[in-house]
Amino acid sequence: MAYPEFDVTKETTWKPSELPVGFVIPDGGNSVKYLTGGWRSQRPIWDKDACKNCMLCWVYCPDASIVTVDKEMTGIDYDHCKGCGVCVNECKFGALKMITESEAKEVYGE
């Protein structure tokens, strides 16, 4: 069965039962380009000085929002972080804490 070009930017009439088994939406509809950070009501704040680079936050982050370079944390990708708090919960050194988005706007101007 041939499938028409799948354009994720346009509404499609495909029904879920018509999608090929194992179908992956082509580039353009993936999570890298789909910014989800605006969903959050709280955000993690990273304290670089308290961080031991144990990378537990990176391992457990469900959104791959912990930014690393050469196996060291360098920040948080707020474009994709949904504010779930898993990283804060897993941090054993107090290097991450949650604040509200309104607090972040006041303190950091973001």
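Refer to the structure printed above.
A brief report on the enclosed structure follows. (Residues numbered from 1 in each chain as written. Predicted model: local features only at pLDDT ≥ 70, side-chain atom pairs only at ≥ 80, totals over all residues. Heavy atoms only, no water.)

**Structural notes on the pairing of strand β2 (residues 66-69)**
Okay, so step 1: Note that β2 and strand β3 (residues 72-76) share four bridges and pair antiparallel. When the sheet's bridge partners are listed, valine 69 is paired in β3 with glutamate 72.
Okay, so step 2: In sequence, β2 turns back onto β3 through a hairpin of two residues, with aspartate 70 there showing a positive phi of about 50°. (Pairing = 2+ DSSP bridges. Helix = DSSP H or I, 4+ residues; strand = E, 2+ residues; numbered from the N terminus.)

**Section: the pattern of salt bridges**
Okay, so step 1: For the coordinates displayed, the defined rule picks out four salt bridges.
Okay, so step 2: Here arginine 40 and glutamate 101 are joined by a salt bridge, their closest N and O atoms 2.7 Å apart. Taken as a pair, arginine 40 in the segment before β1 (42-46) and glutamate 101 in helix α3 (residues 101-108) lie far apart in primary sequence, 61 residues in all. Glutamate 101 matches arginine 40 in its accessibility class, with the two residues each being buried.
Okay, so step 3: Between lysine 82 and aspartate 63 there is a salt bridge, with its nearest N and O atoms 2.8 Å apart. Separated by 19 residues along the polypeptide, lysine 82 in the loop between β3 and α2 (86-90) and aspartate 63 in the loop between α1 (56-60) and β2 bring together distant segments of the chain. (Salt bridge = Lys/Arg side-chain N within 4 Å of Asp/Glu carboxyl O. Buried < 20%, exposed > 50% of the residue type's maximum accessible area, 1.4 Å probe, protein only.)

**Things to note about the environment of glycine 37**
Okay, so step 1: Here glycine 37 lies in the segment before β1.
Okay, so step 2: Exposure remark for glycine 37: the relative accessible area of 7% places this residue in the buried category.
Okay, so step 3: Remark: the alpha-carbon pair of glycine 37 and serine 65, spanning 28 residues in sequence, is separated by 9.7 Å.
Okay, so step 4: Excluding residues that lie within four positions of it along the chain, glycine 37 makes contacts with Tyr78, Asp79, His80 and Cys81. (Contact = heavy atoms within 4.5 Å.)

**Here we look at the nonpolar core**
Okay, so step 1: Within the largest apolar cluster, twelve residues are counted, these being Ala50, Cys51, Cys57, Cys61, Ile66, Met73, Ile76, Cys81, Cys87, Cys91, Ala95 and Leu96.
Okay, so step 2: Apart from the residues within four sequence positions on either side, isoleucine 76 is in contact with Pro44, Trp46, Ser65, Ile66, Val67, Cys81 and Leu96. (Core = buried A, V, L, I, M, F, W, Y, C linked by side-chain atoms within 4.5 Å.)

**Let's talk about a nonpolar patch on the surface**
Okay, so step 1: Taken together, Trp58, Val59 and Tyr60 make up a surface patch of nonpolar side chains, about 330 Å² in accessible area.
Okay, so step 2: You can see tryptophan 58 is positioned in helix α1. (Patch = residues over 30% accessible without salt bridge, like charges linked within 9 Å, V, L, I, M, F, W, Y side chains within 5 Å. Areas by Shrake-Rupley, 256 points an atom, 1.4 Å probe, with all protein chains shown as cover.)

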